[in-house]
Amino acid sequence: MRIYRAKDYKDLSRKAANILSAQVIIKPNCVLGLATGSSPIGTYQQLIEWYNKGDLDFSEVTTVNLDEYRGLGMESDQSYVYFMHHNFFDHINIRPENINLPNGKNPDAEAECARYEKVIQDVGGIDIQLLGIGRNGHIGFNEPGAAFEKNTHCVNLTESTIEANKRFFKSIDDVPRQAYTMGISSIMHARKILIIASGTDKAQAIHDAFFGPVTPQVPASVLQLHPDVTLVADSNALSLVPQDLI
Ligand code: F6R
């Protein structure tokens with residue numbers, strides 16, 4: 001695993017964007033696995049800036065997102081499909097037909113998860129998967145205890161995730177209780193993983209994920225078993241990691 005220490009959030013975003021743009025330049029028809037949340041917003045902004053400068057071309061790129069709330073779609077500004085368009089897709093030249101997310105509006109969870117897993121296979125697998133990390137060590141919506149062998153599936157959100165995500169909703173009652181998410185197995189099949197973390201509230205999760213035992217209690221710890229992981233984190237997120245190990 002490679003660890004890049006970033007000075008601050010801007011530096012982190014630039015470093016992460018550099019890695020994603022290298023992928024797009026080396027393989028213009030690559031498959032990018034993408035994430036929502038606060039962590040990647042700066043990365044998307046940096047990519048948009050480089051696209052506007054003419055340094056990046058997304059016309060052949062395909063994307064697959066990690067997850068979506070069950071029940072939400074484009075009409076809701078809290079849906080992940082809305083987030084991705086608003087923060088990234090609407091500002092670059094990606095083809096609409098190359099954008100993939102789980103369809104939160106499909107009430108048939110089993111059919112939707114099977115469809116999405118097939119989409120990932122049909123596009124040829126993920127070249128690089130961008131991940132954030134939850135304070136409890138979750139990746140995607142794979143919460144502590146999630147089985148490592150799962151593909152895309154429907155999950156019940158934990159109280160801590162509902163609590164963490166309520167900042168995006170009018171009230172905690174509006175936070176959906178379920179989501180469709182790539183499973184740990186879907187994520188582990190990505191050829192490369194890029195995980196980003198910023199701030200002291202991620203320090204324990206980063207410590208436990210990369211410097212503790214591999215356990216389903218810390219879903220991100222499974223990444224220790226992946227052959228090509230890059231962690232880009234700021235000093236606050238790395239503050240609990242023994243300095244001689246970085
Ligand atoms: C987002 C996702 C989540 C987030 C994680 C961190 O698509 O799957 O696992 O990456 O909850 O969220 P932030 O970046 O908001 O701290």
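The numbers attached to residues start from 1 for each chain and follow its sequence in the written order. Only residues with pLDDT of at least 70 are given local features in this predicted model, and only at 80 or more are side-chain atom pairs given and counted; all residues enter the totals for whole chains, interfaces and linings. As a convention, hydrogens and water are excluded, and side-chain values are obtained from all of the structure's heavy atoms.

1. Some points on the overall build of the chain
Each helix and strand in the chain was counted, giving seven helices and 10 strands. In this description the radius of gyration comes from C-alpha coordinates, and the expected globular size is given by 2.2 Å times residues to the power 0.38. Taking 2.2 N^0.38 as the reference for a compact globule, 246 residues should give roughly 18 Å; the C-alpha atoms of the chain span a radius of gyration of 17 Å, in line with that estimate. Once the C-alpha set of the chain is aligned to its principal axes, its extents read approximately 45 × 45 × 35 Å. For the exposure calls, accessible area comes from a 1.4 Å probe over protein chains only, and a residue counts as buried if that area is under 20% of its type's maximum, exposed if over 50%, partly exposed in between. Counting every position in the chain, which comprises 246 residues, the buried fraction comes to 55%. Each accessible area is a Shrake-Rupley estimate made with a 1.4 Å probe; only the visible protein chains count as cover when residues are assessed. Taken as a whole, the chain presents about 10,800 Å² of accessible surface, with 51% of it coming from carbon and sulfur. The positive charge centre, built from 22 side chains, and the negative charge centre, built from 29, are 4 Å apart in the chain. In this description a helix means any DSSP run of H or I spanning at least four residues, a strand means any run of E spanning at least two, and both kinds are numbered starting from the N terminus. The charge count includes Lys and Arg as positive and Asp and Glu as negative, but it does not include His or the ends of the chains. A charge is said to be at NZ when it belongs to Lys, at CZ for Arg, at CG for Asp and at CD for Glu.

2. Some points on the sheet that holds strand β3 (residues 62-65)
A sheet is described by the order of its strands in space; here seven strands give the open sequence β1-β10-β9-β6-β2-β3-β5, paired in parallel fashion. Looking along the sheet, the strands with just one partner apiece sit at the ends: β1 (2-6) and β5 (99-100). DSSP-based pairing: two strands are paired if at least 2 bridges between them are found. In this structure, strand β2 (residues 31-34) lies alongside strand β6 (residues 128-131), joined through two bridges in parallel fashion. Looking at the pairing, glycine 33 lines up with glutamine 129 of β6.

3. Topic: the site of the ligand
By convention in this text, a residue qualifies as near a molecule or strand provided that one of its non-hydrogen atoms is within 4 Å of it. The immediate surroundings of the ligand are formed by 15 residues, with Ser39, Asp67, His138, Gly140 and Lys202 found nearest. Polar contacts here mean pairs of N or O atoms no more than 3.5 Å apart (in protein, one a potential hydrogen donor and the other a potential acceptor; neighbouring residues in sequence count only if both atoms are side-chain atoms). Serine 39 has a polar side-chain atom sitting 2.5 Å from an oxygen atom of the ligand. One of the side-chain N or O atoms of arginine 167 is found 3.1 Å from an oxygen atom in the ligand. A total of 410 Å² of accessible area belongs to the ligand in isolation, and the protein chains cover 91% of it. Here the residues of the shell around the ligand are counted per class, giving four nonpolar, eight polar and three charged. Basically, the charged four are Asp, Glu, Lys and Arg, the nonpolar ten are Ala, Val, Leu, Ile, Met, Phe, Trp, Tyr, Cys and Pro, and anything else, Gly included, counts as polar.

4. Considering helix α3 (residues 80-87)
With six of its eight residues buried, α3 lies for the most part within the structure. Listed as buried for α3 are Tyr80, Val81, Phe83, Met84, His85 and Asn87. Two residues qualify as a contact provided that any one of their heavy atoms is within 4.5 Å of a heavy atom in the partner residue. In this structure, the buried residues of α3 make contact with β2, α2 (41-52), β3, β4 (67-69), β5 and α5 (159-165).

5. Structural notes on the environment of glutamate 143
Structurally, glutamate 143 is set in the loop between β6 and β7 (153-156). A sequence separation of 140 residues divides glutamate 143 from isoleucine 3, and the C-alpha atoms of the two residues are 24 Å apart. Ignoring anything within four residues of it in the chain, the contact list for glutamate 143 reads Asn136, His138, Leu157, Thr158, Thr161, Pro216 and Pro219.

6. Describing the state of the cysteines
Our working definition of a disulfide is a cysteine sulfur pair at a distance within 2.5 Å. Applying the stated criterion across every chain yields a total of zero disulfides. Free of any disulfide, cysteine 113 has its nearest neighbouring cysteine sulfur in cysteine 154, separated by 6.0 Å. Under the relative-accessibility criterion, cysteine 154 is labelled partly exposed at 26%.

7. Considerations on the environment of valine 31
Note that valine 31 resides in strand β2. With 95 residues separating them in the primary sequence, valine 31 and isoleucine 126 have C-alpha atoms 5.1 Å apart. In this view, valine 31 contacts Thr62, Val64, Val123, Gly125, Ile126, Asp127 and Ile128; residues no more than four positions away in its chain are not counted.

8. Quick look at the side chain of threonine 36
Take threonine 36: it is sitting in the loop between β2 and α2. When residues no more than four places from it in sequence are discounted, the contact partners of threonine 36 are Asn65, Asp67, Tyr80, Phe83 and Met84.

9. Observations regarding the packing of helix α1 (residues 9-26) against α2
Running from N to C, α1 and α2 point in directions that differ by 60°, and their axes come no closer than 8 Å. As the angle between them shows, α1 and α2 are arranged oblique. The two elements α1 and α2 cross, and the hand of that crossing is right-handed. Residues Tyr9, Ser13, Arg14, Ala16, Ala17, Asn18, Leu20 and Ser21 of α1 lie in contact with α2, whose contacting residues are Ile41, Gly42, Thr43, Gln46, Leu47 and Trp50. For helices, the fitted line uses only the C-alpha atoms of the stretch in contact; every axis is such a line through C-alpha atoms, and the angle between N-to-C directions lies from 0 to 180 degrees. For classification, angles of less than 35 degrees are called roughly parallel, those exceeding 145 degrees roughly antiparallel, those between 65 and 115 degrees roughly perpendicular, and all remaining angles oblique. By convention the crossing between two helices is left-handed if the near helix lies anticlockwise of the far one by an angle smaller than a right angle, and right-handed if it lies clockwise.

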